[in-house]
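# Structure assessment
Residues per chain, in single letters:
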Amino acid sequence: MLLIYPPISKPCEPPIGIARLAGALYANNTGFDVIDANIEGIYWLIKNTPSLGDRWTMRATKNLDVNIASIKNGHAFKNMARYKKAVYEINRLLIVSQPGQAIKITLTDYEDKALSPVNSHDLIYAACNFEKNPFYVYFSHRLKNILEKKDYKTIGISINYLSQALCGFSIIGFLRQNYPHIRIVIGGSLITSWMGNKGLDNMFGDLVDYIITGPGEIPLLRLLGKDIKQGIKPAPLYDVFNRDPYLSPGFIIPYNTSTGCYWGRCTFCPERAEGNRYIQTDPLYAVHELSDIIDHTGPCLIHLTDNAVSPAVMKALIKNPLPAPWYGFARANKDLTDMDFCMGLKRSGCVMLKLGVESGDQSVLDMMNKGIVLEDVVGALENLKKAGIGTYVYILFGTPYESKESARKTIDFIAKNHKNIDFINCAIFNLPLNSPDARGLEIREFYKGDLSLYGDFIHPKDWGRLKVRRFIEKEFKGHPLIKPIIQRQPPFFTSNHAPFFAISQGKVC
Ligand code: SF4
């Protein structure tokens, strides 16, 4: 079988979903190949960008190889200005690859003004008009080439982000028209969310033969008629990716020890709204498996992709340090207020933790069932800083529980703790349609389309999106103690590249 990962997603590491499927297929003696059409497609576009003649584009074209090299050899991470220049210049070539205004491609996004990725009719249109896709020349040649050599019976497309949906369906349309005998299977986290939230059957008609939701390993093996070895969860496989092209200073291994979330109670959380079950691999088993993978692949960084790395996994990591640096999402709970625990994390290889703090107002946190105490967050940030672990704090403005006064408390909280915060991600709340937060609110359409997972709402405290947006731009981002934190956010790659600043400087910011 052939597994395809369509454009666009961050081109800095291989996709964990495909690595897991590859591991399962390999363990069950099934032949397969993998195409990361995201990284291949991005390179194809930036190498084939027509020169517009403007200075910025000419400079970006001239510097392309140097810029890519500086990200891959790590020099760019020694200086934020150099890094930003390299990334913006590479991105410039993607922007100008689409001379009209209709399609905008960046290192992290794909936007088509005429087609929406949350409208099933538009996805079908993209499939039926695949030759209009900007990646068409790349993927048609690539797929023709490989399909001439091998007789695949099944092709799987993994769609995880909205930015992959239109390109993913264009690839499906191309395959369906030219290779109608090949069975097409789709899966991935976006497909899972659609099927879970909308409770729909195959809304894509004849384009797709099977839709797999949730972790795809077992359903895919069943579909291929394999006897599954019970009780053994195969390790993900990374050898199937060409490790050279990814835009990072070395090969990053994404790895998850769980699916769902061990807390799973935050009212605003899509994980909860979708009812995703929490499944945790035995922590000690996961850590040993990861160590074996590291020994085998020699990565520069481990990206733990769990929604929240559980305390049990952290304890297992402390007892069994990894031979490579790692980072991931954690909950700012009591464990992190223990300095010894944080020092243990540091020795385990932890270089950065992402913490969902969301609000600086305890009553807002309580109403959203966040299950954290601001006093503990302060302690955690202090300890992590002392231990030399980077902190990446997530803030969420505009929840139904928040007022402008609450939002100001968030500013105060971040300002007071600014010395212990290395990076901030600040977002405006999107209301998951199935979340408990949606009850009792007047909902309006957010994205036009039958596949939209989020809604807009009349804010009960007159704190709507427009006001929140203005507040963020003026008061939050303009705050003299917060501004420098915002300015060191790595553009496009954000938290995926942030750990390299910690590693390359031997300290965090
Ligand atoms: S901790 Fe994060 S992933 Fe878990 S329920 Fe809360 S928001 Fe969702």
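Residues numbered from 1 in each chain as written. Predicted model: local features only at pLDDT ≥ 70, side-chain atom pairs only at ≥ 80, totals over all residues. Heavy atoms only, no water.

### A closer look at the site of the ligand
Neighbouring the ligand are the residues Cys 261, Trp 263, Gly 264, Arg 265, Cys 266, Phe 268, Cys 269, Asn 307 and Arg 331. Along the lines of polarity and charge, the residues of the shell around the ligand split into five nonpolar, two polar and two charged. (Near = heavy atom within 4 Å. Nonpolar A, V, L, I, M, F, W, Y, C, P; charged D, E, K, R; others polar.)

### Thoughts on the domain arrangement of the protein
Splitting the protein by domain gives domain 1 (2-48 + 97-223) and domain 2 (252-505). Distance from the C-alpha centre of domain 1 to the C-alpha centre of domain 2: 28 Å. On the domain 2 side, the residues contacting the 26 residues of domain 1 number 25 residues. When domain 1 packs against domain 2, the two sides together hide about 2,100 Å² of surface, and 58% of this comes from carbon and sulfur. When residues of domain 1 are sorted by the area they lose upon contact with domain 2, Glu 13, Val 118 and Asn 197 head the list and together hold 28% of the total. Seen at the junction of domain 1 and domain 2, the total is zero salt bridges. If you look at where domain 1 meets domain 2, you find nine residue pairs in polar contact (both at pLDDT 80 or more). Looking at the side of domain 1 that touches domain 2, the elements with two or more residues in it are helix 1 (16-27), helix 5 (120-128) and helix 8 (189-198). Ranked by the residues each element gives to the side of domain 1 that touches domain 2, the list is headed by helix 8, at five residues. (Domains from an automatic or database assignment. Contact = heavy atoms within 4.5 Å. Buried area = accessible area lost by both parts, 1.4 Å probe. Salt bridge = Lys/Arg side-chain N within 4 Å of Asp/Glu carboxyl O. Polar contact = N/O pair within 3.5 Å; in protein donor to acceptor, adjacent residues only side chain to side chain. Helix = DSSP H or I, 4+ residues; strand = E, 2+ residues; numbered from the N terminus.)

### Considering the packing of helix 2 (residues 37-47) against helix 6 (residues 136-149)
Look at helix 2 against helix 6: their axes get within 9 Å of each other, and the N-to-C directions meet at 125°. Relative to helix 6, the element helix 2 lies oblique. Between helix 2 and helix 6 lies a crossing whose hand is right-handed. Residue-level inspection shows Ala 37, Glu 40, Gly 41 and Trp 44 of helix 2 in contact with helix 6, the latter providing Val 137, Tyr 138 and Arg 142. Considered class by class, the residues forming the contact of helix 2 with helix 6 number four nonpolar, one polar and two charged. (Axes fitted to C-alpha atoms, helices over the stretch in contact; angles between N-to-C directions. Parallel < 35°, antiparallel > 145°, perpendicular 65-115°, else oblique. Left-handed = near helix turned anticlockwise from the far one by under 90°.)

### What to know about unusual backbone geometry
Note the cis peptide between Pro 7 and Ile 8, where omega equals 0°. The residue Ile 8 is located in the loop between strand 1 (2-5) and helix 1 in this model. Backbone geometry places Asn 369, a non-glycine residue, at a positive phi of 60°. Within the secondary structure layout, Asn 369 lies in the loop between helix 14 (362-367) and helix 15 (374-387). Asn 369 sits in the partly exposed class, given a relative accessible area of 35%. Not every positive phi belongs to a glycine, and Phe 492 is a case in point at roughly 65°. (Buried < 20%, exposed > 50% of the residue type's maximum accessible area, 1.4 Å probe, protein only.)

### Some words on the state of the cysteines
Summed over all chains, the structure comprises zero disulfides. The cysteine Cys 350 is free of any disulfide, with Cys 342 supplying the nearest cysteine sulfur at 8.8 Å. (Disulfide = S-S within 2.5 Å.)

### Examining helix 6
With 14 residues, helix 6 extends 20 Å between its outermost C-alpha atoms, agreeing within 8% with the 20 Å of an ideal straight helix rising 1.5 Å per residue. Residues Tyr 138, Phe 139, Ser 140, Leu 143, Ile 146 and Leu 147 constitute the buried set of helix 6. (Expected span 1.5 Å × (residues − 1).)

### Looking at the sheet that holds strand 1
The strands making up a sheet are joined through hydrogen bonds of the backbone, oriented either antiparallel or parallel. Sheet architecture is open: five strands sit in the order 2-1-5-6-7, paired in parallel fashion. The two strands at the open ends of the sheet, each matched to only one other strand, are strand 2 (33-36) and strand 7 (210-211). Pairing geometry for strand 5 (residues 154-158) and strand 6 (residues 183-187), over five bridges, is parallel. Looking at strand 6, one finds that Gly 156 is bridged to Val 185. Along the sheet face, helix 1 touches strand 1, strand 2 and strand 5 and points at about 170° away from the line of strand 1. Contacting strand 1 and strand 2, helix 2 runs over the sheet at an angle of about 45° to strand 2. (Pairing = 2+ DSSP bridges.)

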